[in-house]
Amino acid sequence: SRIDYDYLRAFLDKNYMDVLLPCVKHPATLIRKIHGLYLDADFSPITKQEAVEKLHDNLDPGVVVKISRASSGGKGVRFFGTGSSRDDISQALDADPDIAVQLVMKQHPEMAKMNASSVNTIRIICIMLDGESIPLSAVVRIGNSGSRVDNFSSGGVGCGVRPDGHLNDCGYTQKGEKYDVHPNGFVFSEGFVPNFDKAIEAVKRCHMRVPMFGVASWDIAIDEAGEPVLIEYNVGGAGIDIHQYNNGPLYGKYRNRIISEAFKNYAERSGTLDFNYSIAHGSVTLSSGSKTVSHLVIPSLIDSKPVRTIADSAYKDSENLTELVVDAELEEIGYLAFY
């Protein structure tokens, strides 16, 4: 379940999430600021003043301004509602060259019961196994009284969600502090996530559109109509502490499959006096060579595995090398391998 980091920054940009993942509902986009350029929801250019007016016209129900790239933990998120001025909005739009502005979402009453001031989301961690997205754990993240964000790292409390949508009997903070009742008075055992099964299905659909991310954490809100809404998703650094506090060991019955999948990409490394090598996927790559060797034999087998590749620059600047014997059936000789 490897993560292909070449895709990471672009595919997590909040300005493109509704474009890349149309298979799920998103908060309504009002303005996109991309690389300093102001655009409307349909990517048509507008002026900054037009952007400010658009947001000012939507202060009821309110707007949320988010830095669209490389933001986490609720940082760079600002809310504006009735009473906010044009100057306030203009200043917020100056915060970063890349900003996504959305309408404030009204959440389902069952979710609002948990904490009314924040949009409380379900974080679902999924792993891609044998071409299937498998949800491993779900935790509802509940903000503190008065807080607009529910993030664990910003003081929120997490509580595990059972398969039927009901919450566990207790929740935990990021420091591992256990609560039977949320500090705001909400009783976890009375909590319920409406249409939790629909949230799980939505996440699995989304994951199949980005299968290059073998492990991903999805933040889903439930709107007034009970529909799942994707707020954002995280890859790589999403953390598993909130899941393991609330739901125990993460892998569960999938442990053996996950270990087996992980070891498909495991490379065994070793060396001889003449070269270092790695064994992965049943074949050998010579990765780097000795600069002192003069007579080099590249064998057909190492540890009963066929030698198939000589890596880039393996014997670059090996000025003592005068004779090369290749017994192997090579498939690739890397760039500058014998330069």
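Structure first, text after, so check above.
The structure displayed is predicted, hence computed values, not measured ones. (Residues numbered from 1 in each chain as written. Predicted model: local features only at pLDDT ≥ 70, side-chain atom pairs only at ≥ 80, totals over all residues. Heavy atoms only, no water.)

Undergrad: Sorry, what's going on with the environment of Ser217 here?
TA: Positionally, Ser217 belongs in strand S11 (residues 215–222). Taking the relative accessible area as the measure of exposure, Ser217 reaches 1% and is therefore buried. Expressed as a C-alpha distance, the spacing of Ser217 and Arg123, which sit 94 residues apart in the sequence, is 6.3 Å. (Helix = DSSP H or I, 4+ residues; strand = E, 2+ residues; numbered from the N terminus. Buried < 20%, exposed > 50% of the residue type's maximum accessible area, 1.4 Å probe, protein only.)

Undergrad: Got a minute to help me understand the pattern of salt bridges in this structure?
TA: Close approach of charged atoms allows side chains of opposite charge to pair. A complete count under the given rule lists 14 salt bridges for this structure. The salt bridge involving Arg32 is made with Asp18; its shortest N-O contact spans 2.9 Å. In this pair, Arg32 sits in strand S1 (residues 29–34) while Asp18 sits in helix H2 (residues 17–20), placing the two residues 14 residues apart along the sequence. Among the residues examined, Arg32 registers a relative accessible area of 3% and is labelled buried. Residues participating in the shared-partner salt-bridge network are Arg123, Arg141 and Asp219. (Salt bridge = Lys/Arg side-chain N within 4 Å of Asp/Glu carboxyl O.)

Undergrad: Is there a simple way to explain the packing of aromatic side chains in this structure?
TA: Geometrically, a pair of aromatic rings is defined through the distance of the ring centres and the angle of the planes. Summed over the entire model, instances satisfying the criterion amount to nine aromatic pairs. Between Tyr16 and Phe43 the ring centres are 5.9 Å apart and the planes differ by 25°, which places this aromatic pair in the stacked class. A residue pair is termed long-range when its members are at least 10 positions apart, and Tyr16 in the loop between helix H1 (8–11) and H2 and Phe43 in the loop between strand S2 (37–40) and helix H3 (48–56) qualify at 27 residues. Of the residues examined, Phe43 reaches a relative accessible area of 31% and is grouped as partly exposed. Their ring planes at 85° and their centres at 5.9 Å tell us that Phe186 and Phe188 sit as a pair that is edge-to-face. The residues Phe186 and Phe188 share a single accessibility class, namely buried. What links up through ring pairs into an aromatic cluster is the set Tyr7, Phe11, Phe213, Trp218 and Tyr233. (Phe/Tyr/Trp six-rings, centres within 6.5 Å; stacked < 30°, edge-to-face > 60°.)

Undergrad: What is the right way to read the state of the cysteines from this model?
TA: One way to say it: the disulfide is the covalent bond shared by the sulfur atoms of two cysteines. Per the counting criterion, the structure on display carries zero disulfides. Cysteine Cys23 is unpaired, with the sulfur of Cys206 as its nearest cysteine sulfur at 3.7 Å. No disulfide involves Cys170; its nearest neighbouring cysteine sulfur is the one of Cys159, lying 6.7 Å away. (Disulfide = S-S within 2.5 Å.)

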